[in-house]
Amino acid sequence: MRRPLFALGLAIVLLGAAKPDPKLDADPAGLAPVTVRLADVLAKHERALGSRAAGLADTAIEEWAFVLAGQAGTEHLERAGANYRSRLVRGPLIEEFGQLDGKRWHRDFNGITSPMTDIDVFSFYGSRILEDAADPKNDVTVVGETTTAPKAYVLRIAQPGERHPEWLYFDEATGDVVRSERVYGKRRAVTTYDDYRTTLGTRRAWHVHDSDGRVELDADWHRTSLALGKPIAAARFAQPASQATVVEGLVQPANIPAKFVYSDVIVRLNVRGRGLDFIVDSSARDSIIDRNVASDLGLPTYGQLTQLADGTKYAYDTTIDDATVGPIRLQNFALRAQTYNYETDRDIKVVGVLGFDFLAANAFKLDWVNGTLDVVPAKTFAPPDGADLAPMQLDDGVPLIAMGIGSAVASRVVLDTDNFSTIIFGTYIDKHPDDFVDQSHGRRATRVAPFADDRSSAFGQPLEVWVDKVSHLQLTLADYRELPVWVTNFPYSEGGDDIDAIVGRDYLEYFDIYFDYPDGRIYLKPNAYFFKTFKRNP
């Protein structure tokens, strides 16, 4: 999920290994015992849900108003069967999600559209319907009933593979779901459902409220209109073209002044009379600015929460009204304001990251040999002679390429220009153990890697790493053999699936890299480093 309610996700999803907490997993207190059968509770709920009127198409057009972490917004949602399109507006920040024939997409705050594989929970947060209790693969038990009015039966639901159960409350009189409880991290989140209304045979809650005990993070959703059965053309759900927030006028290729420091490509963002250093990061789906710098610049919060009651810093979305990066001009450019912990060089104060939403407006050439970054207007870009088209898929702005690792081909490798070392993840090694030999002799090291984890609202995460030897590392024509590599058990996933590896500068620097994101492509062209290093294998 891109921005889940209580743990707003940016670049990675961290899957913690916390031990079960008896308090979190305990059934709700104060319940009275009951003898009602589970089947009877579920049957009454099924009747309460109702069904579409005869001949009515399975379509819905909904309007919602919501407040999320202090910020008010609206949603327009259209659905036809499993196809849908949503438009979410929070002040000047607008994003869209959609799906057509199983293919999902996302248009971000900067108007950049990308395919995505992750589940989109944000679009359906207000209109979600909980049916976990009726799923036959789940272990469901009636644990009691509430003793205060309105009385409700409470069901405990254990889903296969989930660490914690959840609880659903079914109103005894109506069969409606009126409350749910789920464990998120170290907290138990409560959702309440009310204002049930019946529309053309179906019954739904028009008010949904979420809380994990921190009032400032509460979310409140009110449906304001609902139309069922109206025809919606399938083309409405197709992935739209990007509409980048970059001022038109770039008509010819140009150079962007850049510093190449270790693995980092650093450019100067000029905003409000200040020059600020940012890293250009191919693995970041969103651009980021240090929250202290955002505050110094007086960047807007648009009513969002920026700090919890206990003083914990909270990341938020903001915009820069006007800025330039070399020949590129940005207007109303959205960034994520959060703590920035990743240090490039003691003599260079980097205050943020320019990610996919910056790179996707034009084509770019990254030249490690000459230390240059060039921008090419998307309309005039042509693939360079001698370049290989990298087997690549974009997943909500993150480039995933295929490369040979060991005796197999890893298809989920993040191309990361901001990470010096290639890193192999434990989930891939577990699948191919014969291709790796531990070289660490029990030694472990900690590296701060350029990732963003919004639960800590910080960019720059510590990884425990060690050295293995891998039989092969192969990217296009280049093939390393019996190579020492960094490995880690740090869990990293995109789109709900494990990432196999990150390929960093130590491997990428043998190629000029052409980012043609407007056409969804990346080209790799062997450079002078490549021809000095590799010999033809007869």
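Note: the structure precedes this text.
Here is a short report on the structure shown in this document. (Residues numbered from 1 in each chain as written. Predicted model: local features only at pLDDT ≥ 70, side-chain atom pairs only at ≥ 80, totals over all residues. Heavy atoms only, no water.)

### Comments concerning the nonpolar core
Judged by nonpolar contacts, the single largest core of 72 residues is most densely connected at Ile289, Phe358, Phe364, Ile405, Ile424, Leu473 and Ile522. Apart from residues no more than four positions distant in its own chain, Phe358 is found in contact with Ser287, Val325, Ile328, Leu330, Phe333 and Phe364. Of all hydrophobic cores here, the second largest spans 25 residues; its members include Val41, Ala133, Val140 and Tyr153. (Core = buried A, V, L, I, M, F, W, Y, C linked by side-chain atoms within 4.5 Å. Buried < 20%, exposed > 50% of the residue type's maximum accessible area, 1.4 Å probe, protein only. Contact = heavy atoms within 4.5 Å.)

### A few points about the sheet that holds strand S22 (residues 363–367)
Reading across from one edge, S14-S23-S22-S36-S37-S24 is the order of the six strands in this open sheet, with antiparallel pairing throughout. Because the sheet does not close on itself, it has two edges, and the strands there are strand S14 (254–256) and strand S24 (388–389). Judged from the two bridges that link them, S24 and strand S37 (residues 521–526) form a sheet pairing that is antiparallel. By the bridge assignment, Leu389 is partnered in S37 with Tyr523. (Pairing = 2+ DSSP bridges. Helix = DSSP H or I, 4+ residues; strand = E, 2+ residues; numbered from the N terminus.)

### Considering the environment of Arg505
Among the structural elements, Arg505 can be located in helix H6 (residues 505–508). Among the residues examined, Arg505 registers a relative accessible area of 11% and is labelled buried. For the pair Arg505 and Asp118, spaced 387 residues apart in sequence, the C-alpha to C-alpha distance is 27 Å.

### A word on unusual backbone geometry
In this structure, Pro150 follows Ala149 across a cis peptide bond, with omega equal to -10°. Locating Pro150 in the fold gives a position in the loop between strand S7 (139–145) and strand S8 (152–158). Not every positive phi belongs to a glycine, and Asp101 is a case in point at roughly 55°. The residue Asp101 is located in the loop between strand S4 (93–100) and strand S5 (103–107) in this model. Positioned with a positive phi, Arg272 is a non-glycine residue whose angle comes to about 50°. Position of Arg272 among the secondary structure elements: in the loop between strand S16 (264–271) and strand S17 (274–280).

### Quick notes on the environment of Val121
You can see Val121 is positioned in the loop between strand S6 (113–116) and S7. For Val121, a relative accessible area of 26% corresponds to the partly exposed category.

### Examining the pattern of salt bridges
Considering all chains together, one arrives at 26 salt bridges under this definition. Of the charged contacts in the structure, one is a salt bridge between Asp58 and Arg52, with a shortest N-O distance of 3.6 Å. According to the relative accessible area criterion, Asp58 is partly exposed, its value standing at 32%. Here Arg236 ties to Glu78 by a salt bridge, and the two come within 3.2 Å at their closest N and O atoms. Taken together, the positions of Arg236 in the loop between strand S13 (219–228) and S14 and Glu78 in strand S2 (residues 71–80) put the pair 158 residues apart, joining distant regions of the chain. Its relative accessible area of 34% is what places Arg236 among the partly exposed residues. Three or more residues joined by partner-sharing salt bridges are found here, namely Arg85, Arg87, Glu96 and Arg107. (Salt bridge = Lys/Arg side-chain N within 4 Å of Asp/Glu carboxyl O.)

### What about the pairing of strand S23 (residues 372–376)?
As paired strands, S14 and S23 are joined by three bridges and run antiparallel to one another. Considered in S23, the bridge of Ala254 is made with Val375. Taken together, the five bridges between S22 and S23 define a ladder with antiparallel strand orientation. Its bridge partner lying in S23, Leu366 is registered against Leu373.

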